[in-house]
Structure formats: structure tokens, C-alpha cells
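Here is what each chain is made of, one letter per residue.
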Amino acid sequence: MHIDRNQVIGLFLIFSILTIYSHIFLPGRSTQSTVTPAQQEQPSKKATKIASPGLTPQYGVLSPTTQGIERELILENEVMKVTLSSLGGTVKQVILKQYKDHQGDPLVLLDTHSSHMGFQWGHSTTSLNTRTLFFEVADQKQRASDTDTAQITFMVSVGDGRYIKQTYALPSKGYTLTNTWQMVGVGGAFGDAPLQFVWRNHIKRVEKDIEACRSRTTVNYYLADHTFSALSERVDKAQEQLLHYPVQWVGIKQRFFTAAVITDTPFAGGYLATKPPQESSSTVKEAQVRLTLPNTDASEDRKGQFTFYFGPNEHRALSTVAPGFTKNIPLGWPVIRWINQFMILPLFSFLELYISNYGIIIIVLVFVIKVLLFPLSYKSYMAMAKMRVLQPEFEKIKAKCSGDVQRIQMEQVKFYQDMGVNPMSGCVPVLLQMPILLAMFNFFPNAIALRQQAFLWASDLSTYDVILQLPFRIPAYGSHVSLFTLLMTASTILYARSNNQMSTATTPQEEALKMVTYLMPFTFMFILNSLPAGLSFYYFISNLVTFGQQCLIKYFFNENVLREQLQQRKGKRKDPKKPRAQVRLEAAKQRRKK
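Remember, predicted model here, so these are calculated numbers, not experimental data. (Residues numbered from 1 in each chain as written. Predicted model: local features only at pLDDT ≥ 70, side-chain atom pairs only at ≥ 80, totals over all residues. Heavy atoms only, no water.)

A. Seen up close, empty space enclosed by the protein. Within this model, the second largest cavity holds a volume of roughly 60 Å³. Of all elements in the fold, only β6 (115-121) and β10 (162-170) reach the threshold of two or more residues within the lining of the second largest cavity. Looking at the lining of the second largest cavity element by element, the count peaks at three residues for β6. The residue makeup of the lining of the second largest cavity, split by class, is five nonpolar, seven polar and no charged. (1 Å grid on protein atoms, 1.4 Å probe; cavity = no way out; pocket = protein on both sides within 12 Å on 5 of 7 lines; lining within 4 Å. Points joined across faces, edges and corners; volume = space filled by probe spheres on them. Helix = DSSP H or I, 4+ residues; strand = E, 2+ residues; numbered from the N terminus. Nonpolar A, V, L, I, M, F, W, Y, C, P; charged D, E, K, R; others polar.)

Put into C-alpha cells, the structure is as follows:
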């Protein structure tokens with residue numbers, strides 16, 4: 001095997017772009033009480049006396065409803081359990097039944113300690129929030145069946161036909177919870193104060209690698225004009241955004257899960273913010289959402305419908321929720337995203353139907369992709385082979401030119417033209433494979449299917465594997481050693497060594513380029529050490545398959561035949577094709593002569 005200067009340049013460009021890309025999509029790397037199993041298994045109905053805050057004059061007609069008794073009720077379907085509270089008529093806890101947290105307990109996405117939401121009226125001295133009101137339970141059917149929907153209705157009534165009503169509905173399948181709300185005769189009590197939906201969420205830790213989760217947690221939003229955007233995922237400083245345009249939905253996105261609110265009538269605008277937690281043990285970030293409902297006459301009745309999504313960042317689940325909702329999975333820039341969405345994801349999902357072991361799925365995925373890319377690999381190998389068999393002839397040209405660099409370049413171009421060889425043809429196929437490599441950098445860190453899936457010594461393919469925990473931290477590397485990353489690095493170095501041994505580089509520049517192939521694997525050893533084990537394993541298997549492909553091609557490929565074919569072309573270069581306009585002009589001249 002052989003590696004020429006053009007291929008080295010191509011590989012260097014690929015690894016440089018991969019390095020920059022990984023830094024762009026891997027931004028830099030809080031105290032809440034955890035719900036105990038006893039708390040999670042609360043009965044479907046619970047009554048708790050709440051100390052009365054007394055009548056609150058600024059609440060106007062709603063003041064009497066600031067006293068009461070809290071009741072907790074549960075809506076449940078096959079995938080999640082939602083606890084609702086009569087204090088505020090709001091979501092108090094969400095448990096995703098098919099997932100576990102990093103400690104092996106049922107996954108609590110949010111609870112009463114971490115999440116607070118409700119309707120709020122602005123006021124010159126204070127804000128009035130429905131979260132402080134005691135609702136009565138007007139109707140309930142708590143368990144969803146295959147044919148119907150679980151449903152609970154909360155109501156606050158202040159007489160004379162004035163009330164606030166909220167109905168929560170949970171279908172038998174899926175991760176969406178619908179909140180249909182109505183306010184009759186109460187808006188005028190607060191003058192022109194805008195009505196807002198407010199939500200504070202101290203995002204709970206549910207992953208082993210809290211730093212990786214924190215660096216991929218943010219607030220996403222989707223405007224009514226179909227524009228998707230998000231706050232920065234930076235973890236070292238607070239982020240905020242004022243929204244002056246209608247908003248269709250807002251999602252508090254973690255690495256593998258999202259909690260979102262979607263409206264049937266776009267919000268008029270709002271304010272979003274995230275900030276690092278004060279303590280880092282159990283809170284990922286702190287998120288704040290404040291969304292303004294469309295302005296209406298204060299005396300008019302208000303009604304609307306929200307859809308809450310509390311679930312995994314799984315493409316099939318997100319695709320049916322709302323327009324643009326699948327963008328909560330960051331699959332990369334447009335071209336990279338298309339490759340992931342229309343090739344990698346469907347292929348991965350297909351393999352899941354027949355293979356239960358995700359390490360095996362990754363191996364099969366590598367083989368399928370390598371087969372699809374084989375024409376490019378073959379073309380690249382053929383280009384290198386042509387350069388290799390022509391190397392002795394080119395050395396003669398260099399000797400004849402006696403070190404005259406300009407003349408060597410001119411003679412080299414003429415020589416390659418005579419032979420019908422493009423010196424860059426070996427680099428182009430390698431560069432064309434680059435989008436696949438970049439796609440994997442987005443696919444594996446966001447693949448929830450790999451979450452908590454073990455393979456060989458890796459207990460979780462969605463995070464790094466550890467064979468040695470260091471008593472200190474190495475900058476840009478970490479405090480652990482990943483064996484999959486070491487295997488990837490070793491296989492890349494051995495592959496580069498095998499190619500370089502067959503190289504005919506003679507100049508210092510060519511020798512320097514050869515050294516680059518040894519340095520790049522060490523660069524990626526630092527980058528991949530803290531990335532998912534599945535990604536490092538993919539590149540390790542990919543290196544082995546690439547090496548096998550080249551050995552197979554070399555076994556069936558006869559370079560002597562290629563040398564004879566190229567020698568036969570020498571001196572038989574055809575004149576370059578003339579432009580069509582020049583051909584017509586010459587033909588016209590010939591006709592006039594006749």
C-alpha cells in the first residue's frame with residue numbers, strides 16, 4: 001500500500017475540519033432533593049393541608065381561593081405517570097416509566113422541587129400567579145386505556161359565573177399532555193396587566209456524565225414563521241433572549257430528554273434564560289421561560305390549549321408532536337443533518353429491528369457504510385496506485401531538471417497530462433467521505449438508543465468507557481482512560497505506518513506530511529477520550545474495515561498491468577477539445593475560402 005502527498009493533504013484537511021467541528025459542537029463542561037421511591041409511589045389521590053396565607057387583597061376576586069387544601073392526582077398511561085396538584089392546577093411531577101436515571105431509579109424528569117409553572121398576571125407591585133390558587137377537582141378519569149384518554153379537570157370558581165378552568169388529558173400512548181384552559185370573568189380584575197405562562201425549571205440530573213449533559217442542555221424555541229433557534233449551550237455564563245415575535249413552542253432540552261410547551265395559538269413573545277446552577281451535584285442548569293399570551297380586551301374571556309411534551313429526544317417520538325420539533329435533536333449543519341436524518345437514522349432503526357446488541361449494530365453499521373462508500377475508496381486507491389507506478393518516471397524528471405523548482409512543476413504537469421493522470425484524484429474521494437465522518441460526531445452523542453446499553457467492558461455506550469481512573473486531571477484529556485479510544489488511536493497509527501512504509505517520499509516537505517499522519521491520531525485521542533464509547537468503537541471498527549478493504553484490493557489488483565497501460569498512453573495525448581464557438585468560426589472560414 002502507498003500514501004501519496006495529495007492523500008496526506010486530504011487526510012490532514014479532514015482531521016483538521018473534524019477537530020474544529022468537534023470543538024464547535026462540544027461546548028465546555030447545583031442542589032435539588034431527589035424523589036425517593038416512597039415518594040414516587042404516592043397514591044393516586046392525596047390531600048395535604050396547606051397553611052393559609054390569609055386573604056390577599058391584590059388578588060381581587062381570586063383572593064378567597066388562596067386558602068384551601070392541596071390534593072394530588074395522577075394521570076398515567078403506558079409510558080409515563082404525571083402527578084397533578086390542585087394547588088395551582090399544575091403539573092407537579094413527571095415520571096418516564098420506560099427509562100431509568102443514572103442511579104437505576106425510575107426517571108423523574110421534573111418534580112415539585114425542580115419545576116414550577118402557572119399563569120401569571122403582571123402587576124405594579126407584585127405578580128399574581130395561579131400557582132398560589134387552590135383548585136377544586138371537578139372531574140377525573142385517571143388511568144388511560146387503549147380506547148380512551150385519562151382526564152382531570154380543575155376549577156376555581158368565585159361566583160357570578162366567574163371561574164378559571166383547566167382540563168388535563170393524557171392519551172393512552174405517547175408523551176404528550178394536553179391542557180385546555182378557560183378564564184371567564186376574572187381578567188378584568190387585573191386591568192391591563194398582560195397574561196403570561198411562566199415556568200422555572202431547575203433541570204434535574206438524570207445522566208451519569210453530568211458535564212456532557214450540561215454542555216448539551218439549553219432552551220430551544222420555534223417561531224410562528226417556522227424559524228428555529230436556541231440559547232447557547234455554554235455552561236460558563238448565563239444566557240438570555242427576549243422574543244419579540246410570535247412563538248409556537250419552547251422546549252427545555254437536555255441531552256436525551258425534552259420538556260416543552262406547545263400552543264395552539266402562538267404566544268405574542270416572551271423571555272427565555274438559562275444559567276449555571278449554584279451547585280453542580282444534582283442540577284444540570286436553571287431555565288426560565290416567560291411567554292406572553294396574545295393581547296385581548298381585559299374584560300374579555302380567555303381560553304386556549306397547551307400541549308406539553310415530557311419525553312425522550314427520539315426522532316420518531318418528536319416527529320408527531322409539532323412542526324420543527326425534531327430539531328430538538330441536534331444532528332448538525334444542513335448537509336450533515338440530512339445524512340443523519342435520511343441515511344444514518346433509518347439504517348440504525350432498521351438494524352434495531354433485528355439485532356438487540358448495540359455493539360453488534362455499530363459493527364454492522366460500519367460494514368454497510370463501507371460498502372456504500374466502496375466506489376470512492378476504490379477510486380482513491382486506484383489514483384494512489386497510478387501515482388506510485390509513475391513515481392520512478394517522475395524521479396527521472398526531477399533529476400533532469402537539476403533542482404529547478406519552477407521547471408520541475410511545469411514538467412510534472414506536462415508528464416501527468418501525457419499519462420492522463422490527475423494528481424488530485426486521490427484526494428477528492430477522501431474529501432467526499434468527510435460528511436459521513438462529521439455526521440457520526442452528531443449522531444452518537446445524541447443517540448438515546450445507546451443510553452445505558454452495555455457492550456464488552458463499556459457499561460454505557462452513550463458515555464465514555466473507563467478502564468483506568470487517574471488520580472489527577474490531564475488538561476484537554478480528562479481524569480480517566482478510555483480503552484476504545486486507545487484502540488482507535490492504535491489502529492489509526494498502525495494503518496498510517498503501513499501506508500507510510502510504502503511511500504516514496506523523498507523531499508523534507510513530503511516527509512513532514514508523513515509525520516502528520518502520526519500526529520492526527522493523538523489529537524483525536526484527546527478529543528474522543530470523553531466522548532461516547534460508541535463513537536470511539538465505530539472509528540476503531542471503521543479503521544479495521546478500511547485496512548481490510550485495501551488489503552483485499554491490493555490482493556486482486558495487478559500494478560504491473562496498470563504500469564503497462566500507463567506507459568502505452570505516454571506520448572499519445574490527444575489535443576484538447578476546442579471550444580464550440582471556435583469550431584464554428586473555423587468552419588465558416590473554410591466555407592468562405594471555397
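Don't stop here, the text continues.
B. Structural context of the sheet that holds strand β12 (residues 195-204). Here we have six strands laid out as an open sheet, ordered β7-β6-β12-β19-β18-β15, and antiparallel in their pairing. Looking along the sheet, the strands with just one partner apiece sit at the ends: β7 (128-129) and β15 (239-243). (Pairing = 2+ DSSP bridges.)

C. Spatial organisation of a nonpolar patch on the surface. Taken together, Leu 456, Trp 457, Ile 467, Leu 468 and Leu 486 make up a surface patch of nonpolar side chains, about 460 Å² in accessible area. Here Leu 486 is to be found in helix α11 (residues 483-501). (Patch = residues over 30% accessible without salt bridge, like charges linked within 9 Å, V, L, I, M, F, W, Y side chains within 5 Å. Areas by Shrake-Rupley, 256 points an atom, 1.4 Å probe, with all protein chains shown as cover. Salt bridge = Lys/Arg side-chain N within 4 Å of Asp/Glu carboxyl O.)

D. Expanded view of the pattern of salt bridges. Across all of its chains, the model carries 11 salt bridges by this definition. Measuring nitrogen to oxygen at the nearest pair gives 3.6 Å for the salt bridge that ties Arg 162 to Asp 160. Residue Arg 162 is classed as partly exposed on the basis of its relative accessible area, which comes to 24%. The salt bridge involving Glu 286 is made with Lys 275; its shortest N-O contact spans 3.7 Å. Placement of Glu 286 in strand β19 (residues 283-292) and of Lys 275 in strand β18 (residues 269-275) is noted, with a sequence separation of 11 residues between them. (Buried < 20%, exposed > 50% of the residue type's maximum accessible area, 1.4 Å probe, protein only.)

E. Region of the structure containing the packing of helix α5 (residues 334-354) against helix α10 (residues 434-443). Axis separation between α5 and α10 bottoms out at 9 Å; the angle between their running directions is 70 degrees. Considering their axes alone, α5 and α10 lie roughly perpendicular with respect to each other. The residues of α10 that touch α5, namely those facing Ile 336, Ile 339, Asn 340, Met 343, Ile 344, Leu 345 and Phe 348, are Pro 435, Ile 436, Leu 438, Ala 439, Met 440, Asn 442 and Phe 443. The class makeup of the residues in the contact of α5 with α10 is 12 nonpolar, two polar and no charged. (Axes fitted to C-alpha atoms, helices over the stretch in contact; angles between N-to-C directions. Parallel < 35°, antiparallel > 145°, perpendicular 65-115°, else oblique. Contact = heavy atoms within 4.5 Å.)

F. Seen up close, helix α7 (residues 374-400). Compared with the 39 Å implied by 1.5 Å per residue over 27 residues, the 39 Å span of α7 between its first and last C-alpha is a close match. Taking the largest bend as the criterion, α7 deviates by roughly 50 degrees, centred on Gln 391, and proline Pro 392 comes between one and four positions later. (Expected span 1.5 Å × (residues − 1). Bend = angle between axes of the 7 residues up to and from the residue.)

G. Focus on the packing of aromatic side chains. Taken as a whole, this structure holds 29 aromatic pairs when the rule is applied. A centroid spacing of 5.5 Å and a plane angle of 45 degrees characterise the contact between Phe 267 and Phe 306, whose relative ring orientation is tilted. Taken together, the residues Phe 267 in strand β17 (residues 257-267) and Phe 306 in strand β20 (residues 302-312) connect sequence positions 39 residues apart. Residue class for Phe 306 comes out buried when judged on its relative accessible area of 2%. For the ring pair Phe 443 and Phe 444, a centre distance of 5.2 Å and an interplane angle of 80 degrees mean the geometry is edge-to-face. (Phe/Tyr/Trp six-rings, centres within 6.5 Å; stacked < 30°, edge-to-face > 60°.)

H. Structural view of the confidence of the model for the chain. Taken as a whole, the chain shows an average pLDDT of 80; of its residues, 74% reach a score of 70 or greater. Counted against residues more than four places away or in other chains, residues 27-55, with its pLDDT under 50, gives 75 contacts. (pLDDT = per-residue confidence, 0-100.)

I. Seen up close, the nonpolar core. With 116 residues, the main nonpolar core has Val 91, Trp 199, Phe 310, Met 440 and Tyr 538 as its most contacted residues. Looking at which element gives the most residues to this core, the answer is helix α13 (residues 533-556), with eight residues. Filtering out sequence-adjacent residues up to four positions away, Phe 310 remains in contact with Met 80, Val 91, Val 94, Leu 96, Leu 109, Leu 110, Tyr 175, Leu 177, Trp 199, Thr 258 and Ala 259. Among the nonpolar cores identified, the runner-up in size contains nine residues, and Met 387, Leu 390, Phe 394 and Ile 397 belong to it. (Core = buried A, V, L, I, M, F, W, Y, C linked by side-chain atoms within 4.5 Å.)

J. Quick peek at unusual backbone geometry. In this structure, Gln 452 takes a positive phi of about 60 degrees despite not being glycine. Here Gln 452 lies in the loop between α10 and β21 (468-474). Of note in the backbone geometry, Leu 456 takes a positive phi value of approximately 50 degrees without being a glycine. Among the structural elements, Leu 456 can be located in the loop between α10 and β21. You can call Leu 456 exposed: its relative accessible area is 60%.

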